[in-house]
Amino acid sequence: MTSSLQKTILSTSDVARLFNVTETTVKRWADEGTLKCQKTPGGHRKFEIRNVVEFAEQNQFDPVGALEIPGGEDLGSKIQVAVLGREFPVLVSAYLRKALVQEESGLFPFLSYLYQHCIQLWEMHDLVIRPALHEIGERWSRGEIGVDDEHRASYETLEALAMLQLQIGMKSRCGHSVVCATLGDELHEIGLRCANYLFESQGWESRYLGSRVPSEAMNAAIVHWKPDIVCLSSTYGAPADRQKQLRSIVDAAGSVGAVVLAGGALADSLKMDEGVIETAHNSSRDLLCFIQGFDRTKSGPGGGIPRT
Ligand code: B12
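Now for a description of the structure that goes with this document.

Thresholds, definitions, all that
Residues numbered from 1 in each chain as written. Predicted model: local features only at pLDDT ≥ 70, side-chain atom pairs only at ≥ 80, totals over all residues. Helix = DSSP H or I, 4+ residues; strand = E, 2+ residues; numbered from the N terminus. Buried ≥ 20, exposed ≤ 12 C-beta atoms within 10 Å, placed from the backbone. Contact = placed C-beta atoms within 7 Å. Pairing = 2+ DSSP bridges. Axes fitted to C-alpha atoms, helices over the stretch in contact; angles between N-to-C directions. Near = placed C-beta within 6 Å. Nonpolar A, V, L, I, M, F, W, Y, C, P; charged D, E, K, R; others polar. Domains from an automatic or database assignment. Core = buried A, V, L, I, M, F, W, Y, C linked by C-beta atoms within 7 Å.

1. Re the overall build of the protein
The helix and strand tally for the protein stands at twelve helices and eight strands. Put simply, the protein has 308 residues, and 36% of those count as buried. Sequence-distant contacts, at least 24 apart, represent 68% of the contacts inside the protein between residues at least 6 apart.

2. Regarding the environment of P214
Examined against the element boundaries, P214 turns out to sit in the loop between β5 (205-210) and α10 (215-225). Considered as a pair, P214 and Q245 are 31 residues apart in the sequence and their alpha carbons are 9.3 Å apart.

3. Describing the sheet that holds strand β2 (residues 38-39)
In space, the three strands of this open sheet follow the order β1-β3-β2, with antiparallel pairing throughout. Each edge of the sheet is formed by a strand with only one pairing partner; in this case those strands are β1 (9-11) and β2. As paired strands, β1 and strand β3 (residues 45-48) are joined by three bridges and run antiparallel to one another. Opposite L10, over in β3, you have F47 as the bridge partner. Strand contacts of helix α3 (residues 49-59): β1 and β3, with the helix running at about 75° to β3, the strand carrying the most contacts.

4. Description of the site of the ligand
What surrounds the ligand is a group of 38 residues, the closest being G137, I190, G191, S233 and G263. Of all the elements in the fold, those that place two or more residues in the shell around the ligand are α7 (121-141), α8 (147-168), α9 (190-201), β6 (229-233), β7 (259-263) and α12 (284-292). Here the shell around the ligand gets ten residues from one element, more than from any other, and that element is α7. Among the residues making up the shell around the ligand, the classes are represented as 14 nonpolar, 16 polar and eight charged. There are two domains that each give the shell around the ligand at least three residues, and those are domain 1 (4-166) and domain 2 (177-298).

5. As for the pairing of β7
Counting buried positions along β7 yields five of five residues, so the element is predominantly enclosed. The two faces of β7 match: V259, L261 and G263 on one face and V260 and A262 on the other face are all buried. Both β6 and β7 contribute to a ladder of five bridges, which runs parallel. Pairing of I229 across the sheet is with V259, part of β7.

6. Topic: the environment of Y155
For Y155, the position within the fold is in helix α8. Between the C-alpha atoms of Y155 and I190, which are 35 residues apart in sequence, the distance is 9.2 Å.

7. Topic: the nonpolar core
Within the largest apolar cluster, 77 residues are counted, with the highest numbers of intra-cluster contacts made by Y95, L111, L114, L198, V230, C231 and V260. Of the residues forming this core, the biggest block, eight residues, is contributed by α7. If you count residues domain by domain, this core takes at least three from each of domain 1 (4-166) and domain 2 (177-298). Those residues in contact with C231, other than ones at most four positions away along the chain, are V178, V179, C180, A195 and L261.

Just distances and angles here, no functional claims.
Okay, here's the thing in structure tokens:
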């Protein structure tokens with residue numbers, strides 16, 4: 001049975017419930033074409049979640065009703081209340097449970113549920129996933145959970161983010177491109193994935209190289225693809241090694257006029273005296289502001305970058 005948490009298509013009554021309007025109103029929106037819908041052979045209107053979210057954004061409608069979470073979800077009613085009240089600490093606890101307790105329904109249905117209620121991608125990254133994984137790191141360092149739990153939670157998170165991305169889909173291409181990679185021996189990749197999906201959701205073409213890319217391969221990719229931005233994420237590793245690799249990346253990026261943008265826990269230690277590198281942005285929210293204000297013609301140190 002498909003639960004509401006797993007829905008990718010909403011019915012007329014679901015949409016009516018989300019916005020606290022009658023089904024007749026939803027049908028009118030659909031028939032007028034303001035809210036995109038498909039009709040089943042039986043004539044029922046069906047709504048793709050991405051279209052409902054886009055409709056809500058365009059009309060500045062906030063969901064005021066939470067979709068049902070059927071039986072079996074211990075946290076069901078708490079999640080419903082939290083998603084409407086944007087009580088992020090409750091959503092972080094729910095994420096943690098789902099990441100650590102095998103019997104709980106998975107992380108993708110949960111993220112999808114948040115998306116259905118118009119919680120934005122950057123909010124999921126910065127206010128749910130990041131604090132939840134931070135807590136997992138704390139529990140691991142206190143010896144309360146094993147490395148296996150941490151690995152599983154990471155894997156499930158990466159998978160859930162990928163599935164969510166399929167559901168959200170891409171805005172039409174904006175003509176900009178980015179190369180995404182981590183530095184050195186770095187295995188921490190979730191922050192980079194968040195950045196990658198944010199770029200894609202804004203219509204950027206992303207060449208995602210992931211972690212442990214040899215320096216020469218990374219530089220060759222930069223020179224080949226000539227991206228507008230080289231996006232780096234750094235969490236762990238010896239400063240001297242990172243700095244050396246960074247120097248060569250900045251040179252490669254400079255040769256094609258790309259801006260180098262770094263984030264992650266160690267981003268601040270990546271500041272360079274010279275070269276085009278931006279480290280002022282260290283969250284998905286900042287990154288979104290940056291992407292939305294990006295203007296390659298003004299690129300250069302600090303160029304085209306709105307300070308928040
Ligand atoms: C998951 C995890 C792992 C996973 C990574 C799996 C994967 N595929 O990514 C695994 C199990 C492999 C791992 C391994 C290790 N880990 Co680890 N890990 C973590 C953990 C729990 C979560 C990190 C994470 O994904 N966070 C979620 C993301 C969303 O947050 P984020 O990375 O900060 O990204 C956000 C922002 O920083 C920003 N951002 C990130 N990148 C970018 C880029 C740009 C351009 C912008 C604008 C923004 C931006 O936006 C993101 C969204 O908000 C942290 C705990 C913690 N406190 O962070 C420990 C942690 C980072 N790990 C740690 C350690 C010690 C290790 C190991 C050395 C353990 C070991 N002894 O083997 C190895 C190192 C391996 C290596 N060579 O890299 C320490 C690091 C301490 C330190 N700084 O020295 C931590 C802090 C745990 C701890 N409490 O001690 N780890």
